[in-house]
Amino acid sequence: ARRQRQMCIRDRFMTTKKVTVTYKLDLTFLKPIIVGENYAAVARVSDEKGKRIMAEAEIVDNNATTYLKAQGLFVEIKEKESQKFLKDYEYLFNK
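Parameters at a glance
Residues numbered from 1 in each chain as written. Predicted model: local features only at pLDDT ≥ 70, side-chain atom pairs only at ≥ 80, totals over all residues. Heavy atoms only, no water. Helix = DSSP H or I, 4+ residues; strand = E, 2+ residues; numbered from the N terminus. Buried < 20%, exposed > 50% of the residue type's maximum accessible area, 1.4 Å probe, protein only. Phe/Tyr/Trp six-rings, centres within 6.5 Å; stacked < 30°, edge-to-face > 60°. Lys NZ or Arg CZ within 6 Å of the ring centre and 35° of its normal. Pairing = 2+ DSSP bridges.

J.: I'm lost on unusual backbone geometry in this one. Help?
T.: What you tend to see is this: most non-glycine residues have negative phi, and most peptide bonds are trans. The phi dihedral of A64 falls on the positive side, at around 65°, and the residue is not glycine. Along the chain, A64 falls in the loop between β3 (52-60) and β4 (66-76). In this structure A64 comes out as exposed when scored by relative accessible area, which is 59%.

J.: Even after reading the chapter, I still don't get the packing of aromatic side chains, so can you show me in this structure?
T.: Two aromatic rings, taken as a pair, are described by how far apart their centres are and by the angle between their planes. Scanning the entire structure with this criterion turns up one aromatic pair. One Lys or Arg, R52, reaches over the ring of Y23 and ends 5.7 Å from the middle of that ring.

J.: Whenever I open this one, the pairing of β3 confuses me. Can you help?
T.: Side-chain direction in a regular strand flips from residue to residue, so the side chains alternate between the two faces of the sheet. Taken together, the nine bridges between strand β2 (residues 40-49) and β3 define a ladder with antiparallel strand orientation. Bridge pairing in β3 places A40 opposite V60. The loop that links β2 with its antiparallel partner β3 comprises two residues; one of these, G50, has a positive phi angle of about 60°. Sheet topology note: the β3/β4 ladder contains nine bridges and is antiparallel. Note that in β4 the partner of V60 across the bridge is T66.

Here it is, written out as structure tokens:
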């Protein structure tokens, strides 16, 4: 799971070259998530205006049953802050 998260973060960065911080994140839990079961996280950018990026995500099982829905607002950070972020989390991008 951690490797998948790292890949998602790295893939998003590689395609947009944007570093963002979470401004708001709403989670709606629809069903209990059972430890040991297989799930997939599906995410997409729903809107992008200037430095603000809206994204949506779901956690689903193999039968496409949705267990969690998420909506978030992310804000692109300035070049100076993004360089610090990249230095602090360099290990995510060098795998």
